[in-house]
Amino acid sequence: MNQTEITFTNNIIEDFVTYWENGAVWMTEQWCTILDEDLSKYDYRQNSDIVGARAVCRVGLLTKHFDNVQLAWTIEFDEYGRGTKKKFPQFQKDGTFIGLV
């Protein structure tokens, strides 16, 4: 991981992108800040190097790529930050299909 782009606004979904040292995208995901009065509804994270003291949860798709831009895997999160049961293809770095996870 080399570089991270992230911005937050209360209850607004923001893109979070991390890059490999060669400039290729490593991970893409979306985060939503959570207001204090709504914390009990969400699977949120707080007090990390990335988000600081803000309470945030992942929403939508999280994708991980290899440094050669090959997609590795995808996870989907619902509007409350919980992982869904939806299956996505998983690949090796050379593009070989591993299976649905």
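Scroll up to find the structure.
Residues numbered from 1 in each chain as written. Predicted model: local features only at pLDDT ≥ 70, side-chain atom pairs only at ≥ 80, totals over all residues. Heavy atoms only, no water.

Visitor: Can you walk me through the overall build of the protein chain in this structure?
Guide: Within the protein chain, the secondary structure is distributed over zero helices and seven strands. Reading the secondary structure of the protein chain in the N-to-C direction produces β-β-β-β-β-β-β. Out of the 101 residues in the protein chain, the part that is buried amounts to 31%. Long-range pairs, those at least 24 residues apart, make up 31% of the contacts in the protein chain with a sequence separation of at least 6. For the protein chain, the exposed area adds up to about 6300 Å²; of that, 50% sits on carbon and sulfur atoms. (Helix = DSSP H or I, 4+ residues; strand = E, 2+ residues; numbered from the N terminus. Buried < 20%, exposed > 50% of the residue type's maximum accessible area, 1.4 Å probe, protein only. Contact = heavy atoms within 4.5 Å. Areas by Shrake-Rupley, 256 points an atom, 1.4 Å probe, with all protein chains shown as cover.)

Visitor: Hey, could you run me through unusual backbone geometry in this one?
Guide: Among all residues save glycine, negative phi is the norm, and among peptide bonds the norm is trans. For Val69, which is not glycine, the phi dihedral falls at a positive 70 degrees. Relative to the helices and strands, Val69 resides in the loop between strand E4 (56-65) and strand E5 (71-77). For Val69, a relative accessible area of 55% corresponds to the exposed category.

Visitor: How should I be thinking about the side chain of His65 in this particular structure?
Guide: Among the structural elements, His65 can be located in strand E4. Apart from residues lying up to four places away in sequence, His65 is in contact with Trp20, Val25, Trp26, Gln70, Leu71 and Ala72.

Visitor: What is the right way to read the pattern of salt bridges from this model?
Guide: For side chains of opposite charge, pairing can occur when their charged atoms come near one another. Under the counting rule described, the total for this entry stands at four salt bridges. For Lys93, the salt bridge is made with Asp67, and the minimal N-O distance between the two is 2.8 Å. Residue Lys93 is found in the loop between strand E6 (89-91) and strand E7 (97-100), and its partner Asp67 is found in the loop between E4 and E5; the two are separated by 26 residues along the sequence. (Salt bridge = Lys/Arg side-chain N within 4 Å of Asp/Glu carboxyl O.)

Visitor: Looking at this structure, how should I read the pairing of strand E3 (residues 25-33)?
Guide: Looking along a regular strand, one sees the side chains alternate between the two faces of the sheet. The pairing of strand E2 (residues 13-19) with E3 spans seven bridges and is classified as antiparallel. Within E3, the residue paired with Val17 across the bridge is Thr28. Joining the antiparallel neighbours E2 and E3 is a turn of five residues, in which Gly23 adopts a positive phi near 95 degrees. Relative to E4, E3 runs antiparallel, the two being bridged by six bridges. Bridging from a neighbouring strand, Cys32 pairs with Cys57 of E4. (Pairing = 2+ DSSP bridges.)

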